[in-house]
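Structural description and commentary
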Amino acid sequence: MIDRAQILELVPHQGGMCLWDEVQAWSPAEITLRAFNHRDAAHPLRSDGQLRAIHLCEYGAQAMAVHGGLRARERSGAVTPGVLVALRDVQLHVDRIDTLPGPLQASAQVLVEAEGSQQYEFRIHHGGQLLAEGRAAVMLQLP
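Read on for an overview of the structure. A quick note: this is a predicted structure, and the numbers were derived from the prediction, not measured. (Residues numbered from 1 in each chain as written. Predicted model: local features only at pLDDT ≥ 70, side-chain atom pairs only at ≥ 80, totals over all residues. Heavy atoms only, no water.)

Some remarks on the nonpolar core
Counting residues in each nonpolar core, the largest one holds 35 residues, and the members touching the most others are Trp20, Leu56, Tyr59, Val66, Ile97 and Leu104. Every element with two or more residues in this core is listed here: β3 (30-35), α2 (56-74), β5 (104-114), β6 (117-126) and β7 (129-140). In terms of residue count, the dominant contributor to this core is α2 (6 residues). Excluding residues within four positions of it along the chain, tryptophan 20 makes contact with Arg4, Ile7, Leu33, Arg34, Ala35, Tyr59, Gln62, Ala63, Val66, Leu104 and Ala106. (Core = buried A, V, L, I, M, F, W, Y, C linked by side-chain atoms within 4.5 Å. Buried < 20%, exposed > 50% of the residue type's maximum accessible area, 1.4 Å probe, protein only. Helix = DSSP H or I, 4+ residues; strand = E, 2+ residues; numbered from the N terminus. Contact = heavy atoms within 4.5 Å.)

This is the structure:
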């Protein structure tokens, strides 16, 4: 298992904006992660005391970032930062997530990649219930 301290070394998101707490498993094609912070009253994405399901898109995008960081580390290369440029076919199956008692679990799979871009599919669950799913595209900031 890869813990939060190691995740913080892989992604530009720091402090409370790093949304994932642990990597449960990963391969070059996919990753599975867990987060426990969605109930935190100090969560940086909360508004009006709630954490809405739309923020699961950021969880999905950060799953991609963690995966990219792990892949770069495995290749002994530098992590290439990226910019989220598109979300497609996003389906939210709940209104909010701050009331869910257990951890969030995400899976993300690489669908397409080129030298300067990647597209992933993501799914986020809680206790076996699908909360959100969709695809996200990232443009990599190449040197």
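Some words on the environment of leucine 131
Residue placement: leucine 131 occurs in strand β7. In contact with leucine 131, not counting residues within four places along its chain, are Leu56, Gln91, Leu92, His93, Val94, Ile97, Leu100, Leu104, Ile124, His125 and His126.

Re the environment of methionine 17
Inspection of the secondary structure assignment puts methionine 17 in the loop between α1 (4-8) and β2 (22-26). The exposure class assigned to methionine 17 is partly exposed, which follows from its relative accessible area of 28%. For methionine 17 and glutamine 109, which are 92 residues apart along the polypeptide, the C-alpha to C-alpha distance reads 22 Å.

A word on the state of the cysteines
Under the criterion given, the structure shown has 0 disulfides. The thiol of cysteine 18 is not disulfide-bonded; the next cysteine sulfur, from cysteine 57, is found 18 Å away. Judged by relative accessible area, which is 2%, cysteine 18 ranks as buried. On the accessibility criterion, cysteine 57 (7% relative accessible area) is buried. (Disulfide = S-S within 2.5 Å.)

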